[in-house]
Amino acid sequence: MIGSPYCKNAYKVLLLGGGELGKELVIELQRLGVETHVCDNKDMSPAGQVAHFTYHINMLDATELQTTIDNVKPHCIIPEVEAFNIDVLKEAEKTIKVFPNARATDITMNRQKIRDLAHLECGCQTTNHEYADSEQALFTAVDKIGMPCVIKPLMSSSGKGQSILRNRDEVSKCWKYAQDNSRGNISKVIVEEFIEFDSEITLMTLYDHGKVSFFEPIQHEQKQGDYLLSSQPAQISETALAKAQEYATNVVNKLCEPEDRGIFGMEFFITLSDTVYFNEVSPRPHDTAMVTMCTQLYSQFTVYAHMITNLPIPDTKVYFPGVSHTLLKFENTDNPEFHIEPILETDRDVSVRLFGKTNVTNNRRRMGVVLFRNTSPDQAKSLMNTFAI
Ligand SMILES: Nc1ncnc2c1ncn2[C@@H]1O[C@H](COP(=O)(O)OP(=O)(O)OP(=O)(O)O)[C@@H](O)[C@H]1O
Ligand SMILES: [Mg+2]
């Protein structure tokens, strides 16, 4: 039974973070009559624009976040980003349901915690790695791992603060870059062996009261550590898929309690010889799985909305091969414009999602995705280039 928004019986959901993934989730929750509340560190967030209620607060500040939770009195809380005060969430969980749970949120936002859990407790193959908490220690770690290697802040996302090191003279530069782009006050970094993988996938993994199931795998390409395009079906072997599913099952079983429900984006690298490396996991919808908005009858957002409202999980089969290509803007502006007419006039089955972000800073921002059905990743790339979107 679900109530109605603005009414006494409203089922209230509070999202911590209002990005593009939150926006689609809010829309799906509203289709089910849920009252949606979104808080975000920025004003006019994409999800905030479509939610019933929105709050512009500093989510890293304990008092501000606590006050918002106290005022809203939500039935459940959904972390949509990683930049918020985790202690407040842990405390809130004593009386409010957190999806999937506060512990999984805490572990997965920290590269060391999730990697140790996956590698040491779940038997997942990971890249060789070392940790370093000072510039000096970084030199030692780099020498142990060898070059090229990848240096990442322990807490960051979308490739922020991440560099590929090929030259020992650049260690100090990488250290500084990681520090400048690390979230919170954690200075520690991870140094990973660079893997020449053949393909990279996200395996959307559902945990439903102890039962584990999967979406069909999603293949993706990243540029400068950030998502460029994703597609289904993925071109990977049955052997690699079975291994990824085994790893994902082990990890999700460690992150969840039997009473939990949740959706997880498990990221894997796969080599030509079918070695599968566990990379990381998001305990929420995944950016690469935006492709499910055009490949499945029920996208990752519909599925998660069903989980949050305690409804049965709908069909997750792929019905249309498809590609999601990001729409990036590289020039700073507070008045973004998009010329999408030409791509919609092609004979392709194309649709566009513009996130509604109101500015571009730092010369790069993901502003939308273009969804192509019955189109290969190469064709999608070529169309994006042709129309200079
Ligand atoms: N050890 C590695 N070897 C080769 N490529 C790597 C390695 N680590 C990361 N990458 C590349 O960089 C991308 C981003 O890395 P990762 O997923 O660890 O960081 P992230 O900042 O959390 O990204 P996101 O939040 O967008 O998922 C990966 O998807 C992969 O393409
Ligand atoms: Mg990633």
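The structure displayed is predicted, hence computed values, not measured ones.

*Asks:* Please clarify how the coordination of the magnesium ion (ligand 2) should be interpreted in this entry.
*Replies:* Ideal values differ by geometry: the angle at a metal is 109.5 degrees with four tetrahedral donors, but 90 or 180 degrees with six octahedral donors. Protein coordination of the magnesium ion (ligand 2) is provided by Glu267 (OE), Glu267 (OE) and Glu280 (OE), with donor distances spanning 2.0 to 2.6 Å. One end of the pair, glutamate 267, is in strand β14 (residues 261–270); the other, glutamate 280, is in strand β15 (residues 276–282), with 13 residues separating them in the sequence. For glutamate 267, a relative accessible area of 9% translates into the label buried.

*Asks:* Would you take a moment to explain the sheet that holds strand β7 (residues 149–153) for this structure?
*Replies:* Sheet strands pair by backbone hydrogen bonding; their relative direction is either parallel or antiparallel. Strand order in this open sheet of four strands is β6-β9-β7-β8, and the pairing throughout is antiparallel. Looking along the sheet, the strands with just one partner apiece sit at the ends: β6 (129–132) and β8 (163–165). Adjacent strand axes in the sheet meet at a mean angle of 25°, parallel and antiparallel pairs treated alike. Running over the sheet, helix α6 (residues 111–121) touches β6, β7 and β9 (189–193) and is turned about 150° from β6. Packing of helix α8 (residues 171–180) onto the sheet brings it into contact with β6, β7, β8 and β9, and relative to β8 it is tilted by some 165°.

*Asks:* I would appreciate a short explanation of the packing of helix α7 (residues 135–145) against α8 in the present structure.
*Replies:* A packed helix pair is summarised by two numbers, namely the angle formed by the two axes and the spacing between the axes. Contact pair α7 / α8: the axes reach a minimum separation of 10 Å and the direction vectors enclose 120°. Here α8 runs oblique to α7, going by the angle between their axes. At the point where α7 passes α8, the crossing takes the right-handed sense. Together, Glu135, Leu138, Phe139 and Val142 of α7 and Val171, Ser172 and Trp175 of α8 make up the contact between the two elements. When grouped by side-chain class, the residues that make up the contact of α7 with α8 number five nonpolar, one polar and one charged.

*Asks:* Would you take a moment to explain the pairing of β9 for this structure?
*Replies:* In regular strands, side chains alternate between the two faces of the sheet. Most of β9 sits out of view: four of its five residues are buried. Sheet analysis places β7 next to β9, joined by five bridges and oriented antiparallel. Following the sheet pairing, proline 153 is matched in β9 by valine 189.

*Asks:* I would appreciate a short explanation of the site of ligand 1 in the present structure.
*Replies:* In the neighbourhood of ligand 1, 21 residues make up the surrounding shell, with Lys152, Ser158, Gly159, Glu200 and Glu280 lying closest. Between ligand 1 and lysine 152 there is a distance of 2.7 Å, counted from an oxygen atom to a side-chain nitrogen or oxygen. Protein chains bury 92% of the 610 Å² of accessible surface belonging to ligand 1 in isolation. Of all the elements in the fold, those that place two or more residues in the shell around ligand 1 are β7, β9, β14 and β15. The residue makeup of the shell around ligand 1, split by class, is five nonpolar, nine polar and seven charged.

*Asks:* Please clarify how the environment of histidine 220 should be interpreted in this entry.
*Replies:* By secondary structure assignment, the location of histidine 220 is in strand β12 (residues 218–223). Between the C-alpha atoms of histidine 220 and isoleucine 340, which are 120 residues apart in sequence, the distance is 23 Å. Setting aside residues up to four positions removed in sequence, histidine 220 forms contacts with Glu200, Ile201, Thr202, Leu229, Ser230 and Thr288. There is a polar contact of 3.0 Å between the side chain of histidine 220 and the side chain of threonine 202. A distance of 2.9 Å separates polar atoms of two side chains, one belonging to histidine 220 and the other to glutamine 222.

*Asks:* Mind showing me how you'd approach the packing of α6 against helix α9 (residues 238–255) here?
*Replies:* Across the interface, α6 lies against α9 with an axial gap of 10 Å and an inter-helix angle of 120°. When the axes of α6 and α9 are compared, the pair comes out oblique. Crossing hand, α6 versus α9: right-handed. For the pair formed by α6 and α9, the contact residues are Ile114, Leu117, Ala118 and Glu121 on the first element and Val251, Lys254 and Leu255 on the second. Within the contact of α6 with α9, the residues separate by chemical class into five nonpolar, no polar and two charged.

Criteria and cut-off values
Residues numbered from 1 in each chain as written. Chains lettered and ligands numbered in written order. Predicted model: local features only at pLDDT ≥ 70, side-chain atom pairs only at ≥ 80, totals over all residues. Heavy atoms only, no water. Donors = N, O, S within 2.8 Å, 3.2 Å for Na, K, Ca; no water. Helix = DSSP H or I, 4+ residues; strand = E, 2+ residues; numbered from the N terminus. Buried < 20%, exposed > 50% of the residue type's maximum accessible area, 1.4 Å probe, protein only. Pairing = 2+ DSSP bridges. Axes fitted to C-alpha atoms, helices over the stretch in contact; angles between N-to-C directions. Contact = heavy atoms within 4.5 Å. Parallel < 35°, antiparallel > 145°, perpendicular 65-115°, else oblique. Left-handed = near helix turned anticlockwise from the far one by under 90°. Nonpolar A, V, L, I, M, F, W, Y, C, P; charged D, E, K, R; others polar. Near = heavy atom within 4 Å. Polar contact = N/O pair within 3.5 Å; in protein donor to acceptor, adjacent residues only side chain to side chain. Areas by Shrake-Rupley, 256 points an atom, 1.4 Å probe, with all protein chains shown as cover.

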